[in-house]
Amino acid sequence: MDSVFNNFNVNKNNYWFETALLSLLVTSMIISDWLIGPFAVSELVMGGLLALTLLVDPTLLKKLKLRWLGFISLYMLFHIGVNYFINTPFNLRLGVYSYIKVVFFFVFVSIMYEYIKRNRMEAKVLRGLNIGAIIAIIIGVYITLSIATDFEWPYEFFWRFTRTSSFTYEFKGNSDIIRTRSLFSEPAHLGYFLNSVLGINFFGKLKDKYSMYFQFSLIIGILLTLSYASIGVMVILIITKLVQVIKENKDNKLLQNKTALLILVVSTLLIVFIFRDFLYTTIIERTIGIIEGTDNSAYNRLISSWTYISRDYILFGNGIAHSPPIQNVYAYFLTDLGMIGFVSILFATYKLLMLNFGLGFLFILLNFQKGGYLSPIFSLLILIIIVFANYKESKALNN
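Residues numbered from 1 in each chain as written. Predicted model: local features only at pLDDT ≥ 70, side-chain atom pairs only at ≥ 80, totals over all residues. Heavy atoms only, no water.

Caption draft 1: Expanded view of unusual backbone geometry. Even without a glycine there, the phi angle at Ser182 is positive, about 55 degrees. Here Ser182 lies in the loop between β4 (174–178) and α6 (187–203). On the accessibility criterion, Ser182 (1% relative accessible area) is buried. Backbone geometry at Leu226 places phi at a positive 55 degrees, although glycine is not the residue there. Among the structural elements, Leu226 can be located in the loop between α7 (212–225) and α8 (228–248). For Leu226, a relative accessible area of 4% translates into the label buried. (Helix = DSSP H or I, 4+ residues; strand = E, 2+ residues; numbered from the N terminus. Buried < 20%, exposed > 50% of the residue type's maximum accessible area, 1.4 Å probe, protein only.)

Printed below as a string of structure tokens:
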């Protein structure tokens, strides 16, 4: 009897710990734009989460990829040393601080991946991501309605640690068009997070586990951002998913429920009809502007992002964290880390595409949607992608 009671207590403790772990993990993604001084709040949450996980299971340290950690550390120190001596504008303090961040992110991703894998928590992580996405959408809709109506509901406390300027939610200063940004600093960042979850739902090892209603909610949330890049990535993901379903030529859980499919199509069309004027202004007119050359956002993202690398430092780059804001992770790697760093991320992308094409394609799209490889959301994206990348294990996990 005592043994049964003890097992119950162990299971109960595991349940509460795993719930807390998942809550902190998802929260760190949702508040990834929050800052306290020079520190991202997500980094503080991730640090606490890492310490708590190692306290519960210290044996995880034995699974740390020491060879990779050693290689990355040695290369980064070598990279900093080279730039310090040959690159006059290089800031040593910024380089060392960024090196510490890289090591921390690597350790965090390695330990959390091993814990999730060891405890077979993939399904729980997926559930947490979807629930977190729905909560972010609800908060976003609340804030948007508060701004767009005369009700004056309180919402400023949601933005206590991020930007509050109207520029971050109005479309080109037009107060009649309010873009949903939720807890993030701008709508595109909310769209980045929602696209991450949508892509995991579509292509991860537990793909199609969640009903079409979840996918519908994510799609609506992305549409409400009125973010050109976010909506564009979403459309590409949906098309890729449909092509995959047709190519596999087998029943798909998302398409088996005809009623849900009909509701999804009708509801989406209804939402598009209601917000047709906003969508026309933010999507159609911008597309026309890009084609005609009057809107340079796409050009800056795809072309101009590559112009910050100096020919004098093409091999080792300008130095880690020494580039201006770039909306393209691949261009960031080339500019900051040179050809060595650029080839490294290309190789990692290739390996991911071979392992799981859908998630590899998602990784590429998101890397062009948002830059910033030293931001916590990038490491969190890597974590959830590698957790769900191995499609071969999907049958065992679904049974």
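From this point, things continue past the structure.
Caption draft 2: Layout of the packing of aromatic side chains. One pass over the full model with this rule turns up 21 aromatic pairs. An angle of 70 degrees between the planes, with centres 5.7 Å apart, marks the rings of Phe78 and Phe316 as edge-to-face. Residue Phe78 is located in helix α3 (residues 66–86), and its partner Phe316 is located in the loop between α12 (297–302) and α13 (329–355); the two are separated by 238 residues in the primary sequence. For Phe316, a relative accessible area of 16% gives the class buried. Judged by centre distance (5.6 Å) and plane angle (50 degrees), the ring pair of Phe104 and Phe105 falls under tilted. On the basis of relative accessibility, which here comes to 23%, the residue Phe104 falls in the partly exposed class. Exposure remark for Phe105: the relative accessible area of 5% places this residue in the buried category. Grouping aromatic residues by their ring pairs yields a cluster made of Tyr142, Trp153, Phe157 and Phe158. Seen from the ring of Trp159, Arg181 lies directly overhead, with NZ or CZ sitting 3.7 Å from the centre. Its end group placed over the ring of Tyr192, Lys370 keeps NZ or CZ at 5.6 Å from the ring centre. (Phe/Tyr/Trp six-rings, centres within 6.5 Å; stacked < 30°, edge-to-face > 60°. Lys NZ or Arg CZ within 6 Å of the ring centre and 35° of its normal.)

Caption draft 3: Spotlight on the nonpolar core. Ranked by size, the top nonpolar core spans 107 residues in total, and within it Phe108, Phe193, Tyr373 and Phe388 carry the most contacts. With residues near it in sequence (within four places) discarded, Phe108 still touches Leu25, Met46, Leu49, Leu50, Leu380 and Leu383. (Core = buried A, V, L, I, M, F, W, Y, C linked by side-chain atoms within 4.5 Å. Contact = heavy atoms within 4.5 Å.)

Caption draft 4: The arrangement of empty space enclosed by the protein in detail. The full count for this structure, using the stated rule, is one cavity of 30 Å³ or more. Counted as a void, the largest cavity has a volume near 30 Å³. Contributing to the lining of the largest cavity are Gly140, Ile143, Thr144, Ile147, Trp159, Tyr169, Ile178, Arg179, Thr180, Arg181 and Ser182. Residue contributions to the lining of the largest cavity peak at four residues, all from helix α5 (residues 122–148). Here the residues of the lining of the largest cavity sort into five nonpolar, four polar and two charged. (1 Å grid on protein atoms, 1.4 Å probe; cavity = no way out; pocket = protein on both sides within 12 Å on 5 of 7 lines; lining within 4 Å. Points joined across faces, edges and corners; volume = space filled by probe spheres on them. Nonpolar A, V, L, I, M, F, W, Y, C, P; charged D, E, K, R; others polar.)

Caption draft 5: Main features of the packing of α6 against helix α15 (residues 376–388). Between α6 and α15, the least distance of the axes is 11 Å, while the angle of their chain directions is 5 degrees. With respect to their mutual orientation, α6 and α15 come out roughly parallel. Residue-level inspection shows Tyr192, Ser196 and Ile200 of α6 in contact with α15, the latter providing Ile377, Phe378, Leu381, Ile384, Ile385 and Phe388. Residues that form the contact of α6 with α15 fall into these classes: eight nonpolar, one polar and no charged. (Axes fitted to C-alpha atoms, helices over the stretch in contact; angles between N-to-C directions. Parallel < 35°, antiparallel > 145°, perpendicular 65-115°, else oblique.)

Caption draft 6: Expanded view of the confidence of the model for the protein chain. When pLDDT is averaged along the protein chain, the result is 84; 87% of the residues meet or exceed 70. Note on residues 1–10: pLDDT under 50 across the span, and zero contacts to partners over four residues away in sequence or across chains. Segment residues 393–399 is flagged for pLDDT under 50; beyond a separation of four residues in sequence, or across chains, it makes nine contacts in the model. (pLDDT = per-residue confidence, 0-100.)

Caption draft 7: Inspection of α8 at higher detail. A rise of 1.5 Å per residue sets the reference length of α8, with its 21 residues, at 30 Å; its end C-alpha atoms lie 30 Å apart and thus fit the reference within 8%. The complete set of buried residues in α8 reads Ala229, Ser230, Ile231, Val233, Met234, Leu237, Thr240, Lys241 and Val245. (Expected span 1.5 Å × (residues − 1).)

Caption draft 8: The arrangement of a nonpolar patch on the surface in detail. Taken together, the side chains of Tyr84, Phe85, Ile86, Leu92, Val96 and Ile100 make up a nonpolar region of the molecular surface, amounting to roughly 610 Å² of accessible area. Within the residue set of the nonpolar patch, elements represented by two or more residues are α3 and α4 (92–118). (Patch = residues over 30% accessible without salt bridge, like charges linked within 9 Å, V, L, I, M, F, W, Y side chains within 5 Å. Areas by Shrake-Rupley, 256 points an atom, 1.4 Å probe, with all protein chains shown as cover. Salt bridge = Lys/Arg side-chain N within 4 Å of Asp/Glu carboxyl O.)

Caption draft 9: Just the pairing of β4, in detail. Alignment of strand β3 (residues 170–171) against β4, held across two bridges, turns out to be antiparallel. Within the sheet, the bridge partner assigned to Phe171 lies in β4 and is Asn174. Where β3 folds back onto β4 in an antiparallel hairpin, the turn is made up of two residues, including Lys172, whose phi is positive at roughly 50 degrees. (Pairing = 2+ DSSP bridges.)

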